[in-house]
Amino acid sequence: MTKPRINLSLPHMSGREQQYINEAFETNWIAPLGPNVDAFEKEITEKVGVKDAAAVSSGTAAIHLALSLLNVTKDDYVFCSTFTFVASANPILYQGANPVFIDSEPESWNMSPQALERAMQEASLAGRLPKAVIVVNLYGQSSKMDELLEICDAYDVPIIEDAAESLGTTYKGKASGTFGKFGVYSFNGNKIITTSGGGMLISNDTEAIKRARFLASQARDQAPHYQHSMVGFNYRMSNILAGVGRTQLQVLDDRVSARRSIYEIYYQGLANLPGITFMPELEETRMNRWLTTLTLNEEESGVTVKQLLTALNNENIEARPVWKPLHMQPLFKESSYYPHQGNEHVAERLFTTGICLPSGSNLTVDDQQRVIRCIRDLFSKIGENTSYFILGKHEV
Ligand SMILES: *Cc1c(COP(=O)(O)O)cnc(C)c1O
């Protein structure tokens, strides 16, 4: 008999969302636009401490709008973290621009300031500075924003902060996503809070956000008839989904606590196994621990990443490798890439050793124990069969 499925990260409704949906139906505000959209935008600005926000159909749409607002066009360059989901970089291609990928650094797993500095120096000498840098905060961890901002400011290049995974995280006391010229959140089904699908573009530049709303609704000019002077998009969030978002936002803090507790339980249960290292938490940050991720040193543990993933999947537990760096993707094989330093490729190493564990805020303690037991069983089974393991890392 197959065991019940344990998923990586499932939507977690608070139970009050239905009320907002009903209200939208009763007042017939089913359109993209409406009171929930306005209220959701306002509530998110208050929550994260930013001047303005535009609710859109996805995080990807928000990144696309940010690039449009920064006038990224054909043949321009845009720097982007290499260690991320493809959605961070696809909008660069929508604009016909060239992505340049920047490696991670070991303390945050996010963009390496050293690699960024090298890339900027070279681009500056070649006279082709990027129009923007997309800095991604992976698995809820903030990037080293102070260092990255200092470099970008020196070259006068704006940052788009892809905080799709880091809503609820703080860096030096300030909300993740609020450090760049633009910030992007996602409310996709697997994210820390969800509207089933949706996103938010935030900025302290209220004019830019006003323009984002204009571009996101087909760039319709002020005129009694339908008049358009430029290309627009159909990217606004629906009023129904914004109602879901408003309720979800009310439980964001609970969701962060829940995911942080899940991380703690995994840490208690697994950190003493040989070769296992959890994603560190950057100093002066409080991360949302969207997904608990760890790296496995195959030599120290005697267990391979493949064996670990297979063991979990055989138990009907969804565990995944971490994101495959974009510079390794066939889609971006022509793009340039800057490693962390010298011959040190941090994102590549994370990719070959990293694993994401089930981390949904609705994961039960029992289910989590099942995950831990499965991993510990595998380690002890392999330990019995290999003399290498019996020697252990401490005795070698
Ligand atoms: C989910 C995600 C996105 C895209 O958000 P969507 O709402 O799914 O379009 C972008 N970047 C990262 C890092 C993500 O995890």
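Residues numbered from 1 in each chain as written. Predicted model: local features only at pLDDT ≥ 70, side-chain atom pairs only at ≥ 80, totals over all residues. Heavy atoms only, no water.

J.: Break down the overall build of the chain for me, citing the residues and quoting the values.
T.: Scanning the chain from N- to C-terminus turns up 14 helices and 15 strands. Here the chain has a C-alpha radius of gyration of 22 Å; the compact-globule value for 396 residues is 21 Å, and the two agree. Projected onto its principal axes, the C-alpha positions of the chain cover 80 × 60 × 35 Å. Across the 396 residues of the chain, 55% fall into the buried class. In the chain, 72% of the contacts between residues at least 6 apart in sequence involve partners at least 24 apart. For the chain, the accessible area works out to roughly 17300 Å², and carbon and sulfur atoms hold 50% of it. One way to put it: in the chain the 36 positive side-chain charges average out to a point 4 Å from where the 45 negative ones average out. (Helix = DSSP H or I, 4+ residues; strand = E, 2+ residues; numbered from the N terminus. Rg over C-alpha atoms; globule rule 2.2 N^0.38 Å. Buried < 20%, exposed > 50% of the residue type's maximum accessible area, 1.4 Å probe, protein only. Contact = heavy atoms within 4.5 Å. Areas by Shrake-Rupley, 256 points an atom, 1.4 Å probe, with all protein chains shown as cover. Lys, Arg positive; Asp, Glu negative; His and termini not counted. Charge placed at Lys NZ, Arg CZ, Asp CG, Glu CD.)

J.: Describe the sheet that holds strand β12 (residues 292-296), listing the residues and the values that go with them.
T.: The strands that make up a sheet are held in pairs by hydrogen bonds between backbone atoms, and each pair lies either parallel or antiparallel. Taken together, the four strands give an open sheet; going across it, the order is β10-β12-β15-β13, and neighbouring strands pair in antiparallel fashion. A strand with exactly one partner marks an edge of an open sheet, and here the two such strands are β10 (276-278) and β13 (320-321). Judged from the two bridges that link them, β13 and strand β15 (residues 354-357) form a sheet pairing that is antiparallel. Across the sheet, the residue bridging to R320 is C356, located in β15. Together, β10, β12 and β15 form the strand contacts of helix α9 (residues 252-270), whose direction differs from that of β10 by roughly 160°. Sheet contacts for helix α11 (residues 305-314): β12, β13 and β15; angle to β15, the most-contacted strand, approximately 15°. (Pairing = 2+ DSSP bridges. Axes fitted to C-alpha atoms, helices over the stretch in contact; angles between N-to-C directions.)

J.: With reference to specific residues and values, describe the pairing of strand β9 (residues 199-203).
T.: Within β9, five of the five residues are buried, leaving the element largely enclosed by the surrounding structure. On β9, burial covers both faces: G199, L201 and S203 on one face and M200 and I202 on the other are all buried. With four bridges connecting them, strand β8 (residues 182-186) and β9 associate as antiparallel partners. Bridge pairing links Y185 to M200 in β9.

J.: Give a description of the side chain of S68 that names residues and reports values.
T.: Tracing the backbone through its elements, the reader meets S68 in helix α3 (residues 59-69). Ignoring any residue separated from it by four or fewer positions in sequence, one finds S68 in contact with Q95, L215 and F233.

J.: Explain the site of the ligand residue by residue, including any values.
T.: Around the ligand, a shell composed of 15 residues is seen, among which T60, D162, E165, S186 and K191 lie nearest. Between the ligand and T60 there is a distance of 2.5 Å, counted from an oxygen atom to a side-chain nitrogen or oxygen. S186 is positioned with one of its side-chain polar atoms (N or O) 2.7 Å from an oxygen atom of the ligand. Protein coverage of the free-state accessible area of the ligand, which is 380 Å², stands at 94%. By residue class, the composition of the shell around the ligand is four nonpolar, eight polar and three charged. (Near = heavy atom within 4 Å. Polar contact = N/O pair within 3.5 Å; in protein donor to acceptor, adjacent residues only side chain to side chain. Nonpolar A, V, L, I, M, F, W, Y, C, P; charged D, E, K, R; others polar.)

J.: Which residues make up the pattern of salt bridges, and what values go with them?
T.: Side chains bearing opposite charge may pair, as long as their charged atoms lie close to each other. Using the criterion set out here, one finds 15 salt bridges in the structure. Close ionic contact of K181 with D205 constitutes a salt bridge, the shortest N to O distance being 2.7 Å. Of this pair, K181 sits in the loop between β7 (174-175) and β8 while D205 is found in the loop between β9 and α7 (206-216), placing the two residues 24 residues apart along the sequence. According to the relative accessible area criterion, K181 is partly exposed, its value standing at 33%. (Salt bridge = Lys/Arg side-chain N within 4 Å of Asp/Glu carboxyl O.)

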